[in-house]
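Results of the structural survey
Take a look at the letters that make up each chain.
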Amino acid sequence: MSGFERRGGELTLDGVSLAQVAQRFGTPCYVYSRSMIEAAFRQFDTGLAGVDHLVCYAVKANSNLAILDALGRLGAGFDIVSGGELARVLAAGQSAGRVIFSGVGKSEAEIRGALAARIKCFNVESEPELERLDALAAEAGVRAPVSLRINPDVDARTHPYISTGLAGNKFGIPHAHALAVYRRAASMANIRVAGIGCHIGSQILETSPMDEALERVLDLVDALALEGIGLEHLDLGGGFGIRYRDETPPDIGAHCARLAARLKGRGFQVMLEPGRAIVGPAGALLTRVEYLKLDKEKRFAVVDASMSELIRPALYESWHDIVAVGPDQGRAAGRYDVVGPVCESSDVLGFDRDLAVAAGDLLAILSAGAYGMVMASNYNSRPRPCEVLVDAGRAIEVRAREGVDSLFALEKRLPPR
């Protein structure tokens with residue numbers, strides 16, 4: 001159940017006034033519900049209860065330390081794609097033994113750091129990466145735990161920019177080559193074959209492509225078993241979609257229960273990597289109307305948030321619901337493009353929105369808990385916004401707003417000639 005509801009006409013999150021959050025912390029401001037995040041995680045965890053499992057939260061979706069801490073307390077693992085994300089997980093007080101390291105371009109420094117931290121597993125995405133990992137593990141005097149990420153050539157039927165399981169995508173090892181690569185991995189002195197995995201895309205609304213990918217991976221599991229290559233875990237990735245506009249998200253509990261039934265008795269740990277489905281619906285971006293610009297061919301509501309804070313609409317043409325935070329003032333609604341102050345024509349947070357607004361009004365951009373703050377930038381020298389977590393009736397600032405000085409704190413002027 002969503003924690004966003006109106007009380008006395010005013011939008012609240014878990015009973016906390018968003019207008020008061022904006023007044024206290026300023027705008028733009030990201031705000032998240034801890035209870036919604038925890039409830040979403042439990043859908044996965046409870047659904048997989050019939051098998052040994054680990055739900056590895058995809059840190060790239062939202063990497064705030066408070067969120068990592070909250071999920072870690074529920075027993076989550078963590079799916080990372082960089083050394084920086086590993087550092088965040090450790091800074092949040094979480095165990096490296098529950099971390100899996102994905103991504104196509106792991107550097108030597110990142111691999112060394114992950115080996116030293118003793119992470120659970122590396123999701124290897126190419127033969128050159130496997131060779132690098134074997135060499136660096138030898139250098140460190142350890143055996144690296146490895147799972148090959150298989151590209152099953154399955155269409156996830158999602159936006160092409162977030163499709164990852166087709167033959168033309170950069171991710172994973174082709175299904176047809178996987179058996180040979182596993183044979184090679186099993187022969188390497190400093191590699192320990194631990195698992196197998198796949199990930200076919202993001203914002204997936206139909207689970208049938210996931211089912212198809214699972215069967216293709218299980219074919220490989222059986223072929224490996226015939227060659228004496230046993231596996232400890234099966235990682236089926238993430239990519240579960242959410243509602244942004246009028247989508248019907250998959251039933252997470254039912255899907256996970258079907259997975260548990262299909263895989264029960266196989267003898268390995270089942271892993272998933274959800275990110276968006278856990279944090280996306282739980283977040284909003286609060287922004288204030290600076291001007292209404294009515295003298296153009298279109299009407300514009302110019303707000304203090306921008307593509308620098310939320311790039312998804314500009315990058316993917318993504319839809320986010322935009323609603324007034326305050327109660328209805330009895331104004332006539334108009335149709336507006338909601339735009340930011342950044343000097344790009346693509347700086348549009350929402351086209352053709354029916355809003356009854358005036359300058360100074362507060363708006364909430366919904367379903368912004370995933371791929372919002374993590375993709376924010378300092379373009380146009382804009383300090384990144386603060387982040388606030390609503391927890392048991394309290395609004396807690398979990399990341400302070402950047403100061404202007406931070407924009408150039410690492411830069412230097414030219415020395416005298």
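What comes next concerns the included structure. (Residues numbered from 1 in each chain as written. Predicted model: local features only at pLDDT ≥ 70, side-chain atom pairs only at ≥ 80, totals over all residues. Heavy atoms only, no water.)

**Digging into the overall build of the chain**
Selection criterion: Every helix listed is a DSSP run of H or I at least four residues long, and every strand listed is a run of E at least two residues long, numbered separately from the N terminus. Residue exposure (1.4 Å probe, protein chains only): buried if accessible area is under 20% of the type maximum, exposed if over 50%, otherwise partly exposed. Throughout, the Shrake-Rupley method with a 1.4 Å probe supplies accessible areas, and for residues the shown protein chains are the sole cover considered. For the purpose of charge, His is not counted, nor are the chain termini; Lys and Arg are scored as positive and Asp and Glu as negative. Note that the charge is assigned to NZ on lysines, CZ on arginines, CG on aspartates and CD on glutamates.
Helix and strand content of the chain: 11 helices and 21 strands. With the principal axes as the frame, the chain shows a C-alpha extent of 70 × 65 × 40 Å. Out of the 417 residues belonging to the chain, those deemed buried represent 53%. When the accessible area of the chain is evaluated, it comes to approximately 18400 Å², of which 50% is carbon and sulfur surface. With 46 positive and 52 negative side-chain charges, the chain shows a spacing of 3 Å between the two charge centroids.

**A look at the packing of helix α2 (residues 34-47) against helix α3 (residues 65-73)**
Short version of the rule: For helices, the fitted line uses only the C-alpha atoms of the stretch in contact; every axis is such a line through C-alpha atoms, and the angle between N-to-C directions lies from 0 to 180 degrees. Note on terminology: angles under 35 degrees are roughly parallel, angles over 145 are roughly antiparallel, angles of 65 to 115 are roughly perpendicular, and the others are oblique. When the near helix sits turned anticlockwise from the far one by under a right angle, the crossing is termed left-handed; a clockwise turn instead gives a right-handed crossing. What makes two residues a contact is simply this: any of their non-hydrogen atoms within 4.5 Å. For this classification, Asp, Glu, Lys and Arg are treated as charged, while Ala, Val, Leu, Ile, Met, Phe, Trp, Tyr, Cys and Pro are nonpolar and the rest, including Gly, are polar.
Two numbers describe how α2 lies on α3: the axes approach to 10 Å, and their chain directions differ by 45 degrees. Viewed along their axes, α2 and α3 adopt a mutual orientation that is oblique. Here α2 runs over α3; the crossing is right-handed. On α3, the residues touching R34, I37, E38 and F41 of α2 are I67, A70, L71 and R73. Among the residues making up the contact of α2 with α3, the classes are represented as five nonpolar, no polar and three charged.

**Overview of the pairing of strand β1 (residues 4-7)**
Sheet faces and side chains relate simply in a regular strand, where the side chains alternate between the two faces. Put simply, the rule is: Following DSSP output, two strands are said to pair if at least two bridges run between them.
In terms of strand pairing, β1 meets strand β2 (residues 10-13) through four bridges, oriented antiparallel. Directly across from R6, in β2, lies its bridge partner L11. In this structure, the hairpin formed by β1 and β2 is closed by a connection of two residues, where G8 is found at a positive phi of approximately 60 degrees.

**Here's the deal with the environment of R88**
Mapped onto the elements, R88 comes out in helix α4 (residues 83-91). Take R88: its relative accessible area is 29%, and that puts it in the partly exposed class. Separated by 90 residues in sequence, R88 and A178 place their C-alpha atoms 32 Å apart. With sequence-adjacent residues up to four places away left out, R88 is seen in contact with S63, N64, L65, L68 and R399.

**Regarding unusual backbone geometry**
Geometrically, the link from T27 to P28 is a cis peptide bond, its omega value of -5 degrees lying close to zero. Secondary-structure assignment places P28 in the loop between α1 (18-25) and β4 (29-33). A positive phi angle, close to 50 degrees, is found at D14, a residue other than glycine. With respect to the secondary-structure elements, D14 resides in the loop between β2 and β3 (16-17). Of note in the backbone geometry, R118 takes a positive phi value of approximately 65 degrees without being a glycine.

**Quick word on the nonpolar core**
We apply this condition: Joining through side-chain atoms within 4.5 Å is the link that ties buried Ala, Val, Leu, Ile, Met, Phe, Trp, Tyr and Cys residues into a set, and such a set is a nonpolar core.
Y57, F122, I196 and L286 are the most contacted members of the largest nonpolar core, which totals 117 residues. Counting six residues, the second-largest nonpolar core is a separate cluster that includes L54, C56, A194 and M271.

**Section: the sheet that holds β3**
Note on sheets: strands pair through backbone hydrogen bonds, and any given pair is parallel or antiparallel. In space, the three strands of this open sheet follow the order β1-β2-β3, with antiparallel pairing throughout. The sheet is open, and its two edges are formed by β1 and β3, each paired on a single side. Both β2 and β3 contribute to a ladder of two bridges, which runs antiparallel. If you follow T12 over to β3, its bridge partner there is S17.

**Quick notes on the packing of aromatic side chains**
This is how it is decided: Stacked, tilted and edge-to-face pairs are distinguished by plane angle, under 30 degrees for stacked and over 60 for edge-to-face with tilted covering the rest, among Phe, Tyr and Trp rings (Trp via its six-membered ring) whose centres lie within 6.5 Å. Over a ring means this: the NZ of a Lys or the CZ of an Arg is within 6 Å of the ring centre and within 35 degrees of the ring normal.
Counted under the stated rule, the structure contains three aromatic pairs. On the numbers, 6.2 Å between centres and 20 degrees between planes, the contact of Y30 with Y32 is stacked. When the centroid spacing of 5.2 Å and the interplanar angle of 65 degrees are considered together, the rings of F44 and F240 count as edge-to-face. Here F44, found in helix α2, pairs with F240, found in the loop between β12 (233-235) and α9 (252-263); they are 196 residues apart in sequence, far enough to count as distant. Residue F44 is classed as buried on the basis of its relative accessible area, which comes to 1%. Look at F240 and you get buried, because its relative accessible area is 3%. Over the aromatic face of W319 sits the side chain of R353, whose NZ or CZ is 3.4 Å from the ring centroid.

**As for the pairing of β4**
For β4, a buried count of five out of five residues is recorded, marking the element as mostly surrounded by other parts of the structure. Here β4 shows no split at all, with C29, V31 and S33 on one side and Y30 and Y32 on the other all buried. Bridge count for β4 against strand β14 (residues 283-293) is four bridges, and the pairing is antiparallel. Within β14, the residue paired with Y30 across the bridge is L285. By the bridge criterion, five bridges tie β4 to strand β20 (residues 386-391) in an arrangement that is parallel. Bridging from a neighbouring strand, Y32 pairs with L389 of β20.

**What to know about the state of the cysteines**
Worth spelling out the cut-off: By disulfide we mean two sulfur atoms from cysteines, separated by a distance within 2.5 Å.
Per the stated rule, a full pass over the model turns up zero disulfides. Free of any disulfide, C121 has its nearest cysteine sulfur in C56, 9.7 Å distant. Take C198: it sits in no disulfide, and the sulfur closest to it among the cysteines is that of C56, at 14 Å.

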